[in-house]
Amino acid sequence: MNSLQLFMPCAAGVEEFLADEVHHLTGLTGHDLMTGRGGVVVNASWREAMRLNLHSRLAQRVLVQLSHTPYRSEADLYEAASNVAWEIWFTPKQTFKIEITAQHSPLKSLNFAALKIKDAVADRFRAKRGERPSVETTWPDVRIYAHLTREHVTLYIDTSGEPLFKRGWRTDKGDAPLKETLAAAMIAASGWDATTPLYDPCCGSGTIPIEAAQIACGIAAGSQRRFGFEKLMPFQAHVWQGLKDEARAMEHAPTAPVFGSDVAHRMVDFAQRNAERAGVARALQLRGGDALQRMPPSEVPGVMLLNPPYGERIAAAGVAGRGRESFQPGQLAAARAGREAAQTDDGSDFFLRLSAHWKKNFAGWSAWMLTPDLKLPGRMRLKESRRVPMWNGPIECRLFRFDMVAGSTRRDTGEST
């Protein structure tokens, strides 16, 4: 278990940031840390696999690669899975589940492909141990992942269990909350180093500021949760306890102030309770308030980081108290589809008013906004200084950086793409 090949999937656009994070956590470089499409490949030990689960803020999972073979039919998948020594990873008393993904696979049915892999795993246990484990599709003890390309099948065993974005502290949340891993990716892309103030003026249930506050306090991302590797046979409780003790010893007082606000006081209450569970209630200042009226929370300029509101959360644009019933038929569905509701209740453009407010009151701050609207800078009459491609699930977005300086809000023409 001292030489494993790990694959750590992440959202598209986050691969380089994840590679930097893994290097920071492990010191690995070169052939031991390679960036690929949709994740990074890491050559590391079992102990490092546990440590990466505990600390990674950007990875979706930590998978151990067990097989990579060519295939042409479902029979080849059965053979590939039959040749993996599953019995050194779990016992027939435990339940398992097959998860399968594919890119350009010639097979007609992924369900049938998953069934053949399941049969191979069960049949190998029967041959080696005299009994076969049961399948559990909802809460399995063990998750096995198979990825099919046009010519190859790769088999993995999952060490994470629940996806890593499930930190364990976010119980209270609003509609369509931002995943913690994406919030962490936004922070990484912004270059925020936990030495200057960070402020989210549309914080919702607090995902971005809570992630930032944990970073400022040195709190491990997975310190509040359990992991799949705790049910695998290589697991040693004393080694894991040592890693948790090491992480706890690294916690400290916040190195930078973090702020969040939202016009919906219910969401601020949610954020406060989430912050308490995340262990950062004292490191994070949360307030109610309209994004078009809130003044800088710090005399020292810092970083604003936000996922702009739309739909029901356009209340942050000066529509406090506006409820679900005030939307016309189809508006709520459009909002949930990701289309920006750009007008406030008085008919003015929210984003144009927001940029004017920032230019007037937030000189010296940098503002980073994640949006699927590629024309947002033009609508705000601001020229972005950076744009970072980033995916929010299936939605292609850009993380725009705007540097706030006093003066005109007119934007230069000739936007780059």
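The structure under discussion appears in the preceding block.
Since the structure is predicted, the reported quantities are computational estimates derived from the model, not experimental observations.

Q: So what about the sheet that holds strand β7 (residues 152-158)? Which residues, and what values?
A: The 7 strands are arranged β2-β3-β1-β4-β7-β6-β5 in an open sheet whose pairing can be described as mixed. Looking at which strands have only one partner, the edges of the open sheet turn out to be β2 (33-36) and β5 (96-102). If you compare each strand with its neighbour and ignore which way they point, the axes differ by 30° on average. The strands that helix α2 (residues 46-55) touches are β1 (4-9) and β3 (39-44); relative to β1, the one it contacts most, it runs at about 15°. Across the sheet, helix α3 (residues 74-82) is in contact with β4 (63-70), β6 (142-148) and β7; its angle to β7 comes to roughly 40°.

Q: Report on the state of the cysteines, specifying residues and quantitative values.
A: Overall, the coordinates contain 0 disulfides when judged by the stated rule. Looking at Cys203, it has no disulfide partner, and the nearest cysteine sulfur is the one in Cys202, 8.3 Å off. The exposure class assigned to Cys203 is buried, which follows from its relative accessible area of 7%.

Q: Before we move on, could you go through the layout of surface pockets and cite the residues and values that matter?
A: Roughly 840 Å³ of internal volume is contained in the second largest pocket. Lining the second largest pocket are 28 residues, with Phe7, Pro9, Gly38, Thr101 and His147 sitting closest to its centre. Elements that contribute at least two residues to the lining of the second largest pocket include exactly β1, β4, β5, β6 and β7. Partitioning the lining of the second largest pocket into residue classes produces 13 nonpolar, 11 polar and 4 charged.

Q: Would you mind going over the sheet that holds strand β8 (residues 198-200) in detail, with residue names and values included?
A: Each strand in a sheet pairs with its neighbour through backbone hydrogen bonds, running either in the same direction (parallel) or in the opposite one (antiparallel). Read from one edge to the other, the open sheet built from 7 strands follows the order β10-β9-β8-β11-β12-β14-β13, with strand pairing classed as mixed. Each edge of the sheet is formed by a strand with only one pairing partner; in this case those strands are β10 (284-288) and β13 (386-392). Ignoring which end each strand starts from, the neighbouring axes of this sheet average 20° apart. Two strands pair when backbone bridges link them, and strand β9 (residues 258-262) and β10 are joined in this way by 5 bridges, in the parallel orientation. Counted as the bridge partner of Asp262 is Gly288 from β10.

Q: I'd like a description of the pattern of salt bridges, backed by residues and values.
A: Two side chains carrying opposite charge are able to pair once their charged atoms lie near each other. A complete count under the given rule lists 20 salt bridges for this structure. Residue Arg47 pairs with Glu246 through a salt bridge whose shortest N-O separation is 3.9 Å. Here Glu246 lies in helix α7 (residues 237-249) and Arg47 lies in helix α2, a separation of 199 residues in the sequence. Close ionic contact of Glu230 with Arg226 constitutes a salt bridge, the shortest N to O distance being 2.8 Å. When its relative accessible area of 63% is taken as the criterion, Arg226 is described as exposed. One connected set of salt bridges, linked through shared partners, spans Arg47, Arg51 and Glu246.

Q: Describe the side chain of His55, with residues and values.
A: As for its placement among the helices and strands, His55 is situated in helix α2. For His55, a relative accessible area of 11% corresponds to the buried category. In this structure His55 touches Glu21, Leu25, Ala220, Ala221 and Ala247, once residues within four positions along its chain are discounted.

Q: Lay out the environment of Ile215 with the relevant residues and their values.
A: Mapped onto the elements of the fold, Ile215 is located in helix α6 (residues 207-217). Judged by its relative accessible area of 31%, Ile215 falls in the partly exposed class. For the pair Ile215 and Ile187, spaced 28 residues apart in sequence, the C-alpha separation works out to 9.7 Å. Those residues in contact with Ile215 that sit more than four places away from it in its chain are Arg57, Ile187, Trp192 and Ala194.

Q: Mind laying out unusual backbone geometry, listing which residues take part and the relevant values?
A: Positive phi values are uncommon outside glycine, yet His104 reaches one of about 60°. Here His104 falls in the exposed class, since its relative accessible area comes to 63%.

Q: Any details on the packing of α3 against helix α4 (residues 110-129)? Residues and values, ideally.
A: Two elements in contact, α3 and α4, have axes separated by 8 Å at closest approach and are oriented at 35°. Handedness of the α3/α4 crossing: right-handed. Contacts from Glu74, Leu77, Tyr78, Ala81 and Ser82 of α3 reach α4 at Phe112, Ala113, Lys116, Ile117, Asp119, Ala120, Asp123 and Arg124. Residues of the contact of α3 with α4, tallied by class, amount to 7 nonpolar, 1 polar and 5 charged.

Q: Give a description of the nonpolar core that names residues and reports values.
A: In terms of nonpolar packing, the biggest core is built from 96 residues, with Leu6, Met8, Val42, Phe90, Leu155, Trp192 and Met390 touching the most fellow members. Top contributing element to this core by residue count: helix α5 (residues 180-190), with 7 residues. In this structure Met8 touches Leu18, Val22, Gly38, Gly39, Val40, Val42, Leu52, Ser56, Ala59, Arg61 and Val62, once residues within four positions along its chain are discounted. Among the nonpolar cores identified, the runner-up in size contains 21 residues, and Phe259, Ala291, Leu292 and Phe362 belong to it.

Q: Go over the pairing of β4, please, and point to the residues and values.
A: Bridge count for β1 against β4 is 2 bridges, and the pairing is antiparallel. In the strand pairing of β4, Leu6 is matched with Val64. Note: β4 against β7, 7 bridges, orientation antiparallel. For Gln65, the partnering residue across the bridge sits in β7 and is Tyr156.

Q: Account for the packing of aromatic side chains, naming residues and giving values.
A: The tally for this structure, following the rule as stated, stands at 13 aromatic pairs. With centroids separated by 6.1 Å and ring planes inclined at 35°, the aromatic side chains of Phe229 and Phe235 adopt a geometry described as tilted. On the accessibility criterion, Phe235 (22% relative accessible area) is partly exposed. Here a set of aromatic residues connected by ring pairs shows up, and it is made of Trp46, Trp89, Phe227, Phe229, Phe235 and Trp240.

About the thresholds
Residues numbered from 1 in each chain as written. Predicted model: local features only at pLDDT ≥ 70, side-chain atom pairs only at ≥ 80, totals over all residues. Heavy atoms only, no water. Pairing = 2+ DSSP bridges. Helix = DSSP H or I, 4+ residues; strand = E, 2+ residues; numbered from the N terminus. Axes fitted to C-alpha atoms, helices over the stretch in contact; angles between N-to-C directions. Contact = heavy atoms within 4.5 Å. Disulfide = S-S within 2.5 Å. Buried < 20%, exposed > 50% of the residue type's maximum accessible area, 1.4 Å probe, protein only. 1 Å grid on protein atoms, 1.4 Å probe; cavity = no way out; pocket = protein on both sides within 12 Å on 5 of 7 lines; lining within 4 Å. Points joined across faces, edges and corners; volume = space filled by probe spheres on them. Nonpolar A, V, L, I, M, F, W, Y, C, P; charged D, E, K, R; others polar. Salt bridge = Lys/Arg side-chain N within 4 Å of Asp/Glu carboxyl O. Left-handed = near helix turned anticlockwise from the far one by under 90°. Core = buried A, V, L, I, M, F, W, Y, C linked by side-chain atoms within 4.5 Å. Phe/Tyr/Trp six-rings, centres within 6.5 Å; stacked < 30°, edge-to-face > 60°.

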